[in-house]
Amino acid sequence: MEAIANANKPDRPASLDGKQRVQEYLKSLVRPSAVFSNVLIAGLEEVRNFPHEWRRTGTGFEKRLGSQYAQYFLDNTIELGFSSLHHEDNRYTRIGDGNFFKRFGNVVKSTVVVSNTSGGHTLALGQIAGAYGSWAVASQAWEPPSEQRGSRVLLWGSVNLAAKGGRNLIKEFSPDFRKKRAASTTAHP
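Throughout what follows, the structure given in this document is the object of discussion. Because the structure is predicted, anything quoted here is derived from the model rather than measured. (Residues numbered from 1 in each chain as written. Predicted model: local features only at pLDDT ≥ 70, side-chain atom pairs only at ≥ 80, totals over all residues. Heavy atoms only, no water.)

Right, let's talk about the packing of helix α3 (residues 32–47) against helix α4 (residues 58–85) for a bit. Each pair of packed helices can be summarised by the angle the axes make with each other and by the distance between the axes. Viewed as axis vectors pointing N to C, α3 and α4 meet at an angle of 135°, and their least axial separation amounts to 9 Å. In this view, α3 runs oblique relative to α4, as classed from their interaxial angle. Handedness of the α3/α4 crossing: right-handed. For the pair formed by α3 and α4, the contact residues are Ala-34, Asn-38, Val-39, Ile-41, Ala-42, Gly-43, Glu-45 and Glu-46 on the first element and Gly-60, Phe-61, Arg-64, Leu-65, Gln-68, Tyr-69 and Tyr-72 on the second. (Axes fitted to C-alpha atoms, helices over the stretch in contact; angles between N-to-C directions. Helix = DSSP H or I, 4+ residues; strand = E, 2+ residues; numbered from the N terminus. Parallel < 35°, antiparallel > 145°, perpendicular 65-115°, else oblique. Left-handed = near helix turned anticlockwise from the far one by under 90°. Contact = heavy atoms within 4.5 Å.)

A word on the pattern of salt bridges. The tally for this structure, following the rule as stated, stands at ten salt bridges. In this structure, the salt-bridge partner of Glu-79 is Lys-164, at a minimum N-O distance of 2.7 Å. With Glu-79 in helix α4 and Lys-164 in helix α7 (residues 150–187), the pair connects residues that are 85 residues apart, well separated along the chain. Of the two residues examined, Glu-79 and Lys-164, each falls in the buried class. Between Arg-103 and Asp-176 there is a salt bridge whose closest N-O contact spans 2.7 Å. With Arg-103 in helix α5 (residues 100–112) and Asp-176 in helix α7, this residue pair connects regions lying 73 residues apart in the sequence. The exposure classification of Arg-103 matches that of Asp-176, with both residues buried. Within the structure, one salt-bridge network assembled from shared partners comprises Arg-94, Arg-103, Glu-172 and Asp-176. (Salt bridge = Lys/Arg side-chain N within 4 Å of Asp/Glu carboxyl O. Buried < 20%, exposed > 50% of the residue type's maximum accessible area, 1.4 Å probe, protein only.)

Moving on, we come to the environment of Arg-56. Along the chain, the position of Arg-56 falls in the loop between α3 and α4. When the C-alpha atoms of Arg-56 and Glu-45 are compared, they prove to be 9.3 Å apart, with eleven residues separating the residues in sequence. Among all residues touching Arg-56, those that are not within four sequence positions of it are Glu-46, Val-47, Arg-48, Asn-49 and Arg-64. One polar contact links the side chain of Arg-56 to the main-chain carbonyl oxygen of Glu-46, over a distance of 3.1 Å. A polar side-chain atom of Arg-56 sits 2.5 Å from the main-chain carbonyl oxygen of Val-47. (Polar contact = N/O pair within 3.5 Å; in protein donor to acceptor, adjacent residues only side chain to side chain.)

This part covers helix α6 (residues 125–141). Spanning 17 residues, α6 covers 23 Å between terminal C-alpha atoms, matching the ideal 24 Å at 1.5 Å per step. Buried within α6 are the following residues: Gly-126, Gln-127, Ala-129, Gly-130, Ala-131, Gly-133, Ser-134, Trp-135, Ala-138 and Ser-139. (Expected span 1.5 Å × (residues − 1).)

Let us look at the packing of helix α2 (residues 18–30) against α4. Running from N to C, α2 and α4 point in directions that differ by 165°, and their axes come no closer than 10 Å. Regarding the angle of α2 to α4, the classification is roughly antiparallel. In this structure, α2 crosses over α4, and the sense of that crossing is right-handed. On α4, the residues touching Arg-21, Tyr-25, Ser-28, Leu-29 and Val-30 of α2 are Tyr-69, Tyr-72, Phe-73, Asn-76, Thr-77, Leu-80, Ser-83 and Ser-84. When its residues are assigned to classes, the contact of α2 with α4 shows seven nonpolar, five polar and one charged. (Nonpolar A, V, L, I, M, F, W, Y, C, P; charged D, E, K, R; others polar.)

Quick look at the nonpolar core now. Counting residues in hydrophobic clusters, the biggest one holds five residues: Tyr-25, Leu-29, Ala-34, Tyr-72 and Leu-80. Of all elements in the fold, only α2 and α4 reach the threshold of two or more residues within this core. If sequence neighbours within four positions are ignored, Leu-29 has contacts with Ala-34, Tyr-69, Tyr-72, Phe-73 and Asn-76. (Core = buried A, V, L, I, M, F, W, Y, C linked by side-chain atoms within 4.5 Å.)

Spelled out as structure tokens, the structure:
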């Protein structure tokens, strides 16, 4: 009976112990995708001149890149602390099959609900605290006055949380595209 109940549940990886959790955290700070995404976001902010007080100059880009990476660092650090205390396992678990809506629903749900270390589910306090907390610190510590309002923390924290959902979306569907591309190159040499 349990096998039937768990037939549609994705396989969860084994829980991380404290040392493994810290190792994953340290890797997250320097993996190529993290460096690339932070440089890309800083570049986009340079193009749109955000925040405008930093202007479009070499030092403006340096401030944007430093700010972006510092927020990324804070986000991951806050997330590590909260998820450890709350016994969360916030790694995304891909469904990999089923219709688009089922899989997309898993992506959305996994942004705010994660597995706990006991095998159940819990509110993703780590992800949520990291998303909003990193911007709250940045807005008060180094962002210019135009970004030091509570409404900006809510806005950019929400954007940050949505970006985490976007990463889950990529993890869910990108293997399908890779398989299709591999199959098409094998079928048409």
